[in-house]
Amino acid sequence: MKIARIEAIPLAIPHDHGGPPPAWGGQEWDGLTILLVRIDTEDGATGWGEAFSYNCMKAVKAVVDSTVAPVLIGRDAADIARIGRDLQQALHLFGRYGITLFGISAVDIALWDLAGKRAGLPLGRLLGGPAEPPLVPGYASLFKYRDPELVAETVRAALAEGYRAIKLHETDEPEIAAARAAMGDGVPLCVDVNCPWTPDEARRMAARLKPYGLHWLEEPIFPPEDFAALARLQRESGIDLACGENASTAFEFQSLLDAGAARYVQPSVTKLGGVTEFLKVLALAETHGAAVMPHSPYFGPGWLATLQLFAAMPLTGRAGGGWIERFHTRLEATLYPGLVSPVEGGRFRIPTGPGLGAEPDPDVIRDYRVAG
């Protein structure tokens, strides 16, 4: 089953998260971007993948079109492990992190989608999960508001929708205090600060935030790969840390876990190398006694791949029993109706169709496709 065609399809879907436009990555997000990658084989099968693309979609599309795709045409789509290895080795001179790995991740997801379809099984079942997977608990991942009253209002709205855990993207104490006051003491509160502080600044801020009973403090130190500083902060602060959304390949997670840098690791299937690398991280987390809390603030095939991976995660031990991250926002349209919104109690359904479990809505692809 040889690869005949690879197409990168850029989408932009307006959304409303109830606050000012977010500005991660140095630019405002006026729409949620989804870079679909479609792989067609010579026998007519199609697999869908997704590359991380927020504020970098044109660059990632260029990588897929000009760097990744030419290496793959004519390859056996079933040879997933070898393709991943060959891509990483052939393209390593362009960097083993960031945009190059985003493109490789999309291809890997699409190949696993094809593998599940060939087997007539959902990916989670193909990877050893149950025939009837349980609902996946999710947490509401709020945008950055910089306004204590708006934070409290949004926290209450998320809890009213059934979420049982909340994550903020705030860096100042008043907003975090407002969230804790709005939710009370019985709800897990996570805070993702997106790498703003030096080790000394992080130590001081952790001491200020400790009274709010954080479930975890996420990516408090820049650079995020300073695993020794993270391990020291976790040890000395007494606050559990989470990190890994910016890590690529299992080798970086090996270093992270060996250093004891985090209680919670956050592989992102659209960033670290796809399903293949994610599975390696699951094994590493199990052997290191760490919990896996996937990074998944996206709404395309990467979201479905993350759900399917939950079906294959161990049900016991620190590596199992995690939550899926869902951006707390309302999209104008969705590729997967019924699958990107919680069904009950802030939990999500794992689709049971073959491959990733569902096909993207062609009308949404048509209506929200943008120039790339």
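Overview of the structure.

### So, the overall build of the chain
Line of reasoning, step 1. In terms of helices and strands, the chain carries 12 helices and 14 strands.
Line of reasoning, step 2. Here the chain has a C-alpha radius of gyration of 20 Å; the compact-globule value for 372 residues is 21 Å, and the two agree.
Line of reasoning, step 3. Considered along the principal axes of its C-alpha atoms, the chain spans approximately 60 × 40 × 40 Å.
Line of reasoning, step 4. Out of the 372 residues in the chain, the part that is buried amounts to 57%.

### A few points about the side chain of H15
Line of reasoning, step 1. Within the element layout of this structure, H15 appears in strand β2 (residues 15-16).
Line of reasoning, step 2. A residue is classified by how much of its surface remains accessible, and H15, at 16% relative accessible area, is buried.
Line of reasoning, step 3. At 2.7 Å, the side chain of H15 forms a polar contact with the side chain of T329.

### Re the packing of helix α5 (residues 148-160) against helix α6 (residues 173-183)
Line of reasoning, step 1. Two elements in contact, α5 and α6, have axes whose closest approach is 8 Å; the angle formed by their N-to-C orientations is 35°. As for how α5 packs across α6, the hand of that crossing is right-handed. In this structure, α5 uses P148, V151, A152, V155, R156 and L159 to contact α6, whose residues at the interface are P174, E175, A178, A179, A182 and M183.
Line of reasoning, step 2. Among the residues making up the contact of α5 with α6, the classes are represented as 10 nonpolar, no polar and two charged.

### Things to note about empty space enclosed by the protein
One water molecule sets the probe size; rolling that probe over the atoms shows where empty space is left.
Line of reasoning, step 1. Inspection of the entire model under this criterion finds one cavity of 30 Å³ or more.
Line of reasoning, step 2. By volume, the largest cavity amounts to about 30 Å³.
Line of reasoning, step 3. As for the largest cavity, its lining consists of P122, G124, R125, P130, A131, P133, Q308, A311 and I350.
Line of reasoning, step 4. Secondary-structure elements contributing two or more residues to the lining of the largest cavity are α4 (123-126) and α11 (301-312).

### Things to note about the pattern of salt bridges
Line of reasoning, step 1. Taken as a whole and judged by the stated rule, the model has 20 salt bridges.
Line of reasoning, step 2. Here K167 makes a salt bridge to E218, at a shortest N to O gap of 3.0 Å. Of this pair, K167 sits in strand β6 (residues 166-168) while E218 sits in strand β8 (residues 214-218), and the two are 51 residues apart along the sequence.
Line of reasoning, step 3. Relative accessible area serves as the criterion here: at 0%, E218 is assigned to the buried category.
Line of reasoning, step 4. Residue R366 pairs with D367 through a salt bridge whose shortest N-O separation is 2.8 Å.
Line of reasoning, step 5. Residue R366 is classed as exposed on the basis of its relative accessible area, which comes to 55%.
Line of reasoning, step 6. What emerges from the salt-bridge pattern is a single network uniting R5, E7, R38, D40 and R369.

### Focus on the side chain of E277
Line of reasoning, step 1. Looking at the secondary structure, you find E277 in helix α10 (residues 275-288).
Line of reasoning, step 2. E277 sits in the buried class, given a relative accessible area of 5%.
Line of reasoning, step 3. Apart from the residues within four sequence positions on either side, E277 is in contact with Q88, T249, A250 and L272.

### Looking at the pairing of β8
Line of reasoning, step 1. The element β8 is extensively covered by neighbouring structure, given that four of its five residues are classed as buried.
Line of reasoning, step 2. Examined bridge by bridge, strand β7 (residues 189-192) and β8 share four bridges and lie parallel to one another. Looking at the pairing, D192 lines up with E218 of β8.
Line of reasoning, step 3. In this view, the connection linking β7 to its parallel neighbour β8 by way of helix α7 (residues 199-209) has right-handed handedness.
Line of reasoning, step 4. When β8 meets strand β9 (residues 241-243), the two strands line up parallel, connected through two bridges. Bridging from a neighbouring strand, L217 pairs with L241 of β9.
Line of reasoning, step 5. Regarding the hand of the β-α-β motif, the stretch spanning β8, helix α8 (residues 227-237) and β9 is right-handed.

### Some words on the nonpolar core
Line of reasoning, step 1. Among the nonpolar cores identified, the biggest contains 116 residues, and L111, L168, L217 and L256 are the most heavily contacted of them.
Line of reasoning, step 2. In this view, L256 contacts F227, C243, G244, A261, A262 and V265; residues no more than four positions away in its chain are not counted.
Line of reasoning, step 3. If you look at the next biggest cluster of nonpolar residues, it comprises nine residues, including Y139, C190, A291 and M293.

### Regarding the packing of helix α3 (residues 99-119) against α10
Line of reasoning, step 1. Two elements in contact, α3 and α10, have axes whose closest approach is 7 Å; the angle formed by their N-to-C orientations is 90°. Considering the angle they form, α3 stands roughly perpendicular to α10. Where α3 approaches α10, its residues D108, I109 and W112 are matched on the opposing element by V275, T276 and L279.
Line of reasoning, step 2. Tallied by class, the residues present in the contact of α3 with α10 amount to four nonpolar, one polar and one charged.

### Some details on the packing of aromatic side chains
Line of reasoning, step 1. A complete count under the given rule lists 10 aromatic pairs for this structure.
Line of reasoning, step 2. Taken together, a centroid distance of 5.2 Å and an interplanar angle of 80° make the contact between W303 and F348 edge-to-face. In this pair, W303 sits in helix α11 while F348 sits in strand β14 (residues 347-348), placing the two residues 45 residues apart along the sequence. The same class applies to W303 as to F348, namely buried.
Line of reasoning, step 3. Ring pairs connect the aromatic residues F52, Y54, F102, F143 and F327, which therefore count as one cluster.
Line of reasoning, step 4. Seen from the ring of F52, K271 lies directly overhead, with NZ or CZ sitting 4.3 Å from the centre.

What counts and how
Residues numbered from 1 in each chain as written. Predicted model: local features only at pLDDT ≥ 70, side-chain atom pairs only at ≥ 80, totals over all residues. Heavy atoms only, no water. Helix = DSSP H or I, 4+ residues; strand = E, 2+ residues; numbered from the N terminus. Rg over C-alpha atoms; globule rule 2.2 N^0.38 Å. Buried < 20%, exposed > 50% of the residue type's maximum accessible area, 1.4 Å probe, protein only. Polar contact = N/O pair within 3.5 Å; in protein donor to acceptor, adjacent residues only side chain to side chain. Axes fitted to C-alpha atoms, helices over the stretch in contact; angles between N-to-C directions. Left-handed = near helix turned anticlockwise from the far one by under 90°. Contact = heavy atoms within 4.5 Å. Nonpolar A, V, L, I, M, F, W, Y, C, P; charged D, E, K, R; others polar. 1 Å grid on protein atoms, 1.4 Å probe; cavity = no way out; pocket = protein on both sides within 12 Å on 5 of 7 lines; lining within 4 Å. Points joined across faces, edges and corners; volume = space filled by probe spheres on them. Salt bridge = Lys/Arg side-chain N within 4 Å of Asp/Glu carboxyl O. Pairing = 2+ DSSP bridges. Right-handed = clockwise from strand over helix to strand, strands pointing away. Core = buried A, V, L, I, M, F, W, Y, C linked by side-chain atoms within 4.5 Å. Parallel < 35°, antiparallel > 145°, perpendicular 65-115°, else oblique. Phe/Tyr/Trp six-rings, centres within 6.5 Å; stacked < 30°, edge-to-face > 60°. Lys NZ or Arg CZ within 6 Å of the ring centre and 35° of its normal.

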